[in-house]
Amino acid sequence: MLSQEKIARINELAHRSKTTGLTEQEEEEQHNLRNEYLSKFRSSFKSQLQSVKVVDPKGEDVTPSSLDKAKKNNPNNRQ
């Protein structure tokens, strides 16, 4: 995840954009920080989804085949 300093900076820029406005450099910085945040968020979320196992009430594994394929193709998978 992003450092607390970067998250604080994102929030600071968001607040300033709503009140006084941003310079071109600050807008570019805000854009870059947001993209970095979204990239890390998506990566983390995808990793969480790939660790999911779906089990029916009978206790049988009914994990969708597309998720099983993604788990097998993920080089970071720790099974």
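In what follows, the structure referred to is the one given above.
1. Focus on the overall build of the protein
Looking only at helices and strands, the protein has three helices and zero strands in total. Shown N-terminal to C-terminal, the secondary structure of the protein runs as helices and strands in the order α-α-α. Expected size for 79 residues packed as a compact globule is a radius of gyration near 12 Å; at 19 Å, the protein overshoots this value by more than 25%. Dimensions of the protein, computed from C-alpha atoms along their principal axes, come out at roughly 60 × 25 × 20 Å. Burial statistics for the protein: of 79 residues in total, 15% are counted as buried. Across the protein, contacts joining residues at least 24 apart in sequence account for 23% of those joining residues at least 6 apart. About 6,600 Å² of surface is accessible on the protein, with carbon and sulfur atoms providing 49% of the total. Side chains of the protein give 14 positive and 12 negative charges; the mean places of these two sets differ by 7 Å.

2. Focus: helix H1 (residues 4–19)
With 16 residues, H1 extends 23 Å from end C-alpha to end C-alpha; this agrees with the ideal 22 Å at 1.5 Å per step. Gly21 sits one or two residues past H1 and shows a positive phi near 90 degrees.

3. Some thoughts on a nonpolar patch on the surface
There is a patch of nonpolar side chains on the surface, built from Met1, Tyr37, Leu38, Phe41, Phe45, Leu49, Val52, Val54 and Val62 and spanning about 760 Å² of accessible area. Looking at where Leu49 falls in the secondary structure, it is placed in helix H2 (residues 24–50). Note on Leu49: relative accessible area 42%, which makes it partly exposed.

4. Details of the side chain of Thr63
Mapping Thr63 onto the fold places it in the loop between H2 and helix H3 (65–73). For Thr63, the side chain forms a polar contact with the main-chain nitrogen of Val54, separated by 3.0 Å. Among the polar contacts made by the side chain of Thr63, one reaches the side chain of Asp61 at a distance of 2.5 Å. What Thr63 contacts, discounting residues up to four positions off in sequence, is Val52, Lys53, Val54, Asp68 and Lys71.

5. Regarding the environment of Ser51
Positionally, Ser51 belongs in the loop between H2 and H3. In this structure the C-alpha to C-alpha distance between Ser51 and Lys71, which are 20 residues apart in sequence, comes to 7.7 Å.

About the thresholds
- Residues numbered from 1 in each chain as written.
- Predicted model: local features only at pLDDT ≥ 70, side-chain atom pairs only at ≥ 80, totals over all residues.
- Heavy atoms only, no water.
- Helix = DSSP H or I, 4+ residues; strand = E, 2+ residues; numbered from the N terminus.
- Rg over C-alpha atoms; globule rule 2.2 N^0.38 Å.
- Buried < 20%, exposed > 50% of the residue type's maximum accessible area, 1.4 Å probe, protein only.
- Contact = heavy atoms within 4.5 Å.
- Areas by Shrake-Rupley, 256 points an atom, 1.4 Å probe, with all protein chains shown as cover.
- Lys, Arg positive; Asp, Glu negative; His and termini not counted.
- Charge placed at Lys NZ, Arg CZ, Asp CG, Glu CD.
- Expected span 1.5 Å × (residues − 1).
- Patch = residues over 30% accessible without salt bridge, like charges linked within 9 Å, V, L, I, M, F, W, Y side chains within 5 Å.
- Salt bridge = Lys/Arg side-chain N within 4 Å of Asp/Glu carboxyl O.
- Polar contact = N/O pair within 3.5 Å; in protein donor to acceptor, adjacent residues only side chain to side chain.

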